[in-house]
Amino acid sequence: MLILISSNSYGIEPVFKVQEHSVTDALAPDKLPLSFYTFDPDEYWAEPRDSYWMGFSNFILRQERIQSPKVQSLGNWADRTLSGEAHNLPNNESYLRVGFATESEYGDPAQFEPEVRFRLDIPTTKRKLRLVIESESDELIPLEERQRYRQLTEPDRTDTQTTGALRYLSQIGDAINLSNDIGVRLRLPPDAFWRATAEKRWKADADWAMRAQQRFYFYHQDGWGARTWLSASRDVGNGWRFWSSSELEWVHRDSQFVAAQIFSTGKRINNRSTLTPRIGVLGESKPGWRTTSAFADLTWRYRLHSDWLFAEVIPALTFPREESFKDQGSVLFRIEMFFSGSIDRDF
């Protein structure tokens, strides 16, 4: 018996041609993304030069590679230990932020000040419960300072002490995220507190994106307070985005409201830097509604290396009421390093 199989038979498998690329071609300088390099394209084949800066920068790069896994592993270990599970949740938000900043004002020389901020965020695997230990609590920072936080160096900031809290996450409907915290300020004597935060994001129309947040809190020693925050943003063309944010806060110890209105725009200049100009007005309700200060600043943020080493330059003008709204100028320079296993890639 003779069986003939046609070349057009469906039983014949199609032939695929695979074009292979060598590793050398795939890793050629012109094939890698611009974010891979810390130098200009014409310096691809330049010989390295020994200098103090090269030795210092290599030391910093080594520390990031060594310390980042340790910070992330600490959160993962605590997650597994407290939850009793063999696995931990992704996107752990533990971080250590280390840097230094120097600020020069009218008639004052620049002084370098170290800055350290941290968060240990430990999610459990079965319940929406987290243990959160933070170096500061923003509801204890005055509103004006909170709005101008990046303009200030460490000596000008309020010391709120480290806090530790159990945070329970839930939802109201499909759109509102709700969190409840019960914890203490880690000091002697300890200061117990409770806070609840509700947040919602939505699109008002095809252009405007909205975000609202409501927070209530009570500290045993400082009393209770409440904050209402509303933000609206939209693209305005040529890569720029516009933001408007309004905030109203009740300060129990002063028995008054404080408020802030901030307008800002932002643009990514290239794959390394962003530009954010802002103007803002702050006010209070006692003895009557009045403006307490106004400010304008411009933040230029530059990614020095990878996605964890950054520099900032912030020139600013402030017009405080206690100085009869006379302008006070300053320029701040800051270097920051983030040690974490999970970084916001969009800096």
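Thresholds applied
- Residues numbered from 1 in each chain as written.
- Predicted model: local features only at pLDDT ≥ 70, side-chain atom pairs only at ≥ 80, totals over all residues.
- Heavy atoms only, no water.
- Pairing = 2+ DSSP bridges.
- Helix = DSSP H or I, 4+ residues; strand = E, 2+ residues; numbered from the N terminus.
- Core = buried A, V, L, I, M, F, W, Y, C linked by side-chain atoms within 4.5 Å.
- Buried < 20%, exposed > 50% of the residue type's maximum accessible area, 1.4 Å probe, protein only.
- Phe/Tyr/Trp six-rings, centres within 6.5 Å; stacked < 30°, edge-to-face > 60°.
- Lys NZ or Arg CZ within 6 Å of the ring centre and 35° of its normal.
- pLDDT = per-residue confidence, 0-100.
- Contact = heavy atoms within 4.5 Å.
- Salt bridge = Lys/Arg side-chain N within 4 Å of Asp/Glu carboxyl O.

(A) Spotlight on the pairing of strand E13 (residues 309–320). By the bridge criterion, 10 bridges tie strand E12 (residues 290–305) to E13 in an arrangement that is antiparallel. Bridged to alanine 296 within E13 is leucine 317. Hairpin connection between E12 and E13: a loop of 3 residues separates the two successive antiparallel strands, and serine 306 in this loop has a positive phi of roughly 50°. Note that E13 and strand E14 (residues 328–339) share 10 bridges and pair antiparallel. Within E14, the position partnered with alanine 316 by the bridge is serine 330.

(B) A look at the nonpolar core. Trp308, Leu309, Phe310, Ala311, Ile335, Met337, Phe338 and Phe339 form the largest nonpolar core, which has 8 residues in total. Listing elements by their share of this core, those giving two or more residues are E13 and E14. Per element, the largest residue contribution to this core is 4 residues, and it comes from E14. Core analysis: the second largest hydrophobic core is formed by 7 residues, Val251, Val258, Ala260 and Leu282 among them.

(C) The packing of aromatic side chains, seen in detail. Applying the stated criterion across every chain yields a total of 7 aromatic pairs. Between the aromatic rings of phenylalanine 193 and tyrosine 219, the centroid separation amounts to 4.9 Å while the plane-to-plane angle is 20°, which identifies the pairing as stacked. Here phenylalanine 193 is found in strand E6 (residues 191–203), whereas its partner tyrosine 219 is found in strand E7 (residues 209–219), with 26 residues between them in sequence. Taking the relative accessible area as the measure of exposure, tyrosine 219 reaches 0% and is therefore buried. Between tryptophan 208 and phenylalanine 242, the aromatic rings sit 6.3 Å apart at their centres with planes inclined by 85°, giving edge-to-face as the arrangement. One end of the pair, tryptophan 208, is in the loop between E6 and E7; the other, phenylalanine 242, is in strand E9 (residues 240–251), with 34 residues separating them in the sequence. We classify tryptophan 208 as partly exposed; its relative accessible area is 27%. Note on phenylalanine 242: relative accessible area 22%, which makes it partly exposed. Ring pairing ties together the aromatic residues Phe193, Tyr217 and Tyr219, which thus form one cluster. In this structure, lysine 200 packs its charged tip against the face of tryptophan 202, placed 5.4 Å from the ring centre.

(D) Main features of the confidence of the model for the protein. Per-residue pLDDT for the protein has a mean of 80; in total, 69% of the residues score no lower than 70. Taken together, the stretch residues 80–91 has pLDDT below 50 and engages in 19 contacts with residues farther than four places along the chain or on a different chain.

(E) Representation of the pattern of salt bridges in the model. All chains considered together, the criterion is met by 29 salt bridges. Glutamate 136 serves as the salt-bridge partner of arginine 117, at 3.1 Å between the closest nitrogen and oxygen. Of this pair, arginine 117 sits in strand E2 (residues 111–123) while glutamate 136 sits in the loop between strand E3 (129–134) and helix H3 (143–147), and the two are 19 residues apart along the sequence. Among the residues examined, arginine 117 registers a relative accessible area of 7% and is labelled buried. With its nearest N and O atoms 3.1 Å apart, the salt bridge here joins glutamate 154 to arginine 117. Pair noted here: glutamate 154 is in the loop between H3 and strand E4 (163–172) and arginine 117 is in strand E2, with a separation of 37 residues, a long-range link. A relative accessible area of 28% means that glutamate 154 is categorised as partly exposed. A single network of salt bridges, built from pairs that share partners, joins Glu134, Asp138, Glu139, Arg146, Arg167, Asp181, Arg195, Arg215, Arg227, Glu247 and Glu249.

(F) Representation of the environment of arginine 148 within the structure. Among the secondary structure elements, arginine 148 is positioned in the loop between H3 and E4. The class for arginine 148 is buried, based on a relative accessible area of 14%. When the C-alpha atoms of arginine 148 and threonine 318 are compared, they prove to be 9.7 Å apart, with 170 residues separating the residues in sequence. Residues contacting arginine 148, with those up to four places away along its chain left out, are Arg278, Phe295 and Thr318.

(G) Spotlight on the pairing of E14. In terms of burial, E14 is a largely internal element, 9 of the 12 residues being buried. Relative to E14, strand E1 (residues 95–105) runs antiparallel, the two being bridged by 10 bridges. Each residue of the ladder has a partner; that of arginine 97, found in E14, is phenylalanine 338.

(H) Fine view of the side chain of threonine 299. By the secondary structure assignment, threonine 299 is in strand E12. Every residue in contact with threonine 299, bar those within four places of it in the chain, is listed here: Thr274, Leu275, Thr276, Glu312, Val313 and Ile314.

(I) Quick peek at unusual backbone geometry. Along the chain, leucine 188 connects to proline 189 via a cis peptide bond; the corresponding omega equals -5°. Notably, serine 324 is not glycine yet its phi reads approximately 55°, a positive angle. Taking the relative accessible area as the measure of exposure, serine 324 reaches 64% and is therefore exposed.

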